[in-house]
Amino acid sequence: MVEAVHIVWIILQIAIGFHLFFPLFLFLLSKVKGKTTPSKEAVKQLDFAVIITAYEETINLHDVVDAFSQQRYENYTIYLVADKCDVSQLHFDNPRVNVLVPPQTIGSNTGSHAYAFEHFKQKHDVVTIIDSDNIIDKNYLFALNQCLSQGFKAVQGLRAAKNLDSDYARLDAARDIYYHYYDGELLYNVGSSATLSGSAMAFDVNLYADFLSKCKVSGAGFDKVLQAFLVQQDIRIAFCKKAVLLDQKTSNASTLVKQRSRWINTWFKYFKYGFTLFFKGLIHFSFNQFLFGLVLLRPPLFIFLLLSLLALVINIVLGLNVWLWVAGFVAFIAAFFIALASADTDKRIYSALAKIPKFVFYQVLSLTKVRVANKISVATKHEK
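(A) Summary view of the overall build of the protein chain. Looking only at helices and strands, one finds 15 helices and eight strands in the protein chain. For a compact globule of 384 residues, the expected C-alpha radius of gyration is about 21 Å, and the protein chain comes in at 21 Å, within 12% of that figure. Projected onto its principal axes, the C-alpha coordinates of the protein chain cover approximately 70 × 45 × 40 Å. Counting contacts in the protein chain only where the partners sit at least 6 residues apart, residues at least 24 apart contribute 80% of the total. Distance from the positive charge centre (39 side chains) to the negative charge centre (30 side chains) of the protein chain: 5 Å.

(B) Main features of the sheet that holds strand 1 (residues 48-55). Taken together, the eight strands give an open sheet; going across it, the order is 3-2-1-4-7-6-8-5, and neighbouring strands pair in mixed fashion. Bordering the open sheet on either side are strand 3 (97-100) and strand 5 (135-136), each of which pairs with just one other strand. In the sheet, strand 6 (residues 154-161) pairs with strand 8 (residues 238-247) via seven bridges, with the strands oriented parallel. Bridge pairing in strand 8 places Ala161 opposite Asp247.

(C) The packing of aromatic side chains, seen in detail. Counted under the stated rule, the structure contains 28 aromatic pairs. Put simply, the rings of Tyr178, Tyr179, Tyr181, Tyr182, Phe304, Phe332, Phe336, Phe337 and Tyr350 touch in pairs and so form one group of aromatic residues. It is Arg96 that lies over the ring of Tyr76; its NZ or CZ is 4.7 Å from the centre. We note Lys272 situated over the ring of Tyr273; from NZ or CZ to the ring centre the distance is 5.9 Å.

So, how was this worked out
- Residues numbered from 1 in each chain as written.
- Predicted model: local features only at pLDDT ≥ 70, side-chain atom pairs only at ≥ 80, totals over all residues.
- Heavy atoms only, no water.
- Helix = DSSP H or I, 4+ residues; strand = E, 2+ residues; numbered from the N terminus.
- Rg over C-alpha atoms; globule rule 2.2 N^0.38 Å.
- Contact = heavy atoms within 4.5 Å.
- Lys, Arg positive; Asp, Glu negative; His and termini not counted.
- Charge placed at Lys NZ, Arg CZ, Asp CG, Glu CD.
- Pairing = 2+ DSSP bridges.
- Phe/Tyr/Trp six-rings, centres within 6.5 Å; stacked < 30°, edge-to-face > 60°.
- Lys NZ or Arg CZ within 6 Å of the ring centre and 35° of its normal.

Structural data, given as structure tokens:
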């Protein structure tokens, strides 16, 4: 009996501790394989359908749309789906903008996307997804076009912080930098797929229409279902670092708890896709599916770090070997700072790292609200 418990404990430690070493492993593997470089084929001029989704709020929409007037790339049409919104003050000079007001509340991202598809003015090649608080860089569409015209059918851009006005926002930005570097850029560079982030995404229009027809997603987490839908077909999701989109970061504790409770809820709801892709990759010898499946099985950052800390404490109490856990934490911390260094991170973000325990506390608090996450908050509330 004691031997069986010992074996189970070893397996649990491996399952948890693996994620401490994985980022550094990915970094070293990327150095061996080098960067993924696009082919030298002629770049096509793709026709973009830009879908901007808004739920209840319109406070930032003029800024979101105005950013398109600065674009280097002009072959696009905007479909702004204003779900349950007062649109009386929404007036745009840009003739490419179509404001769509659903007659009944939709209450979901994919539902709004489908509504936009039903009202397309013409046949488009690509659809890109933008949130109601996002500001795109002037090269956003140009960079996506460069990537997609090389043959990719799915692309994730870079979501950078629009605001660093509080410690919560700075730590939220640090988290995004970490995920974009390892789960985006490096995962793609070593031959797998970048994970999707909910916006700053672009897809072949027929491929996304196929997803909308086959996958009905309610609540948060449509990006989790979408990335699984793509990688199950062994479609690689490219990462386009030059397609930059500025995203509103969480500035207060209340919003953080509600937002994270929805996100954690989606991980528990959809992490099963990790097992599907992991074993599918083994069966079909697909490195893309195998590695992506491993990433999907990783719990949210704060959960696996707390589990790792708990395992370290248990080993100390039981007098077991702790050096691998110490090495794991050293490897993870090194990998975290490598990610920050790769992004030329704002000094304010570094100064906020001392507040990580407080940030983690509020995420633990959000864990207690996971079961009612979609009832207490459908979408993140924003300020101007």
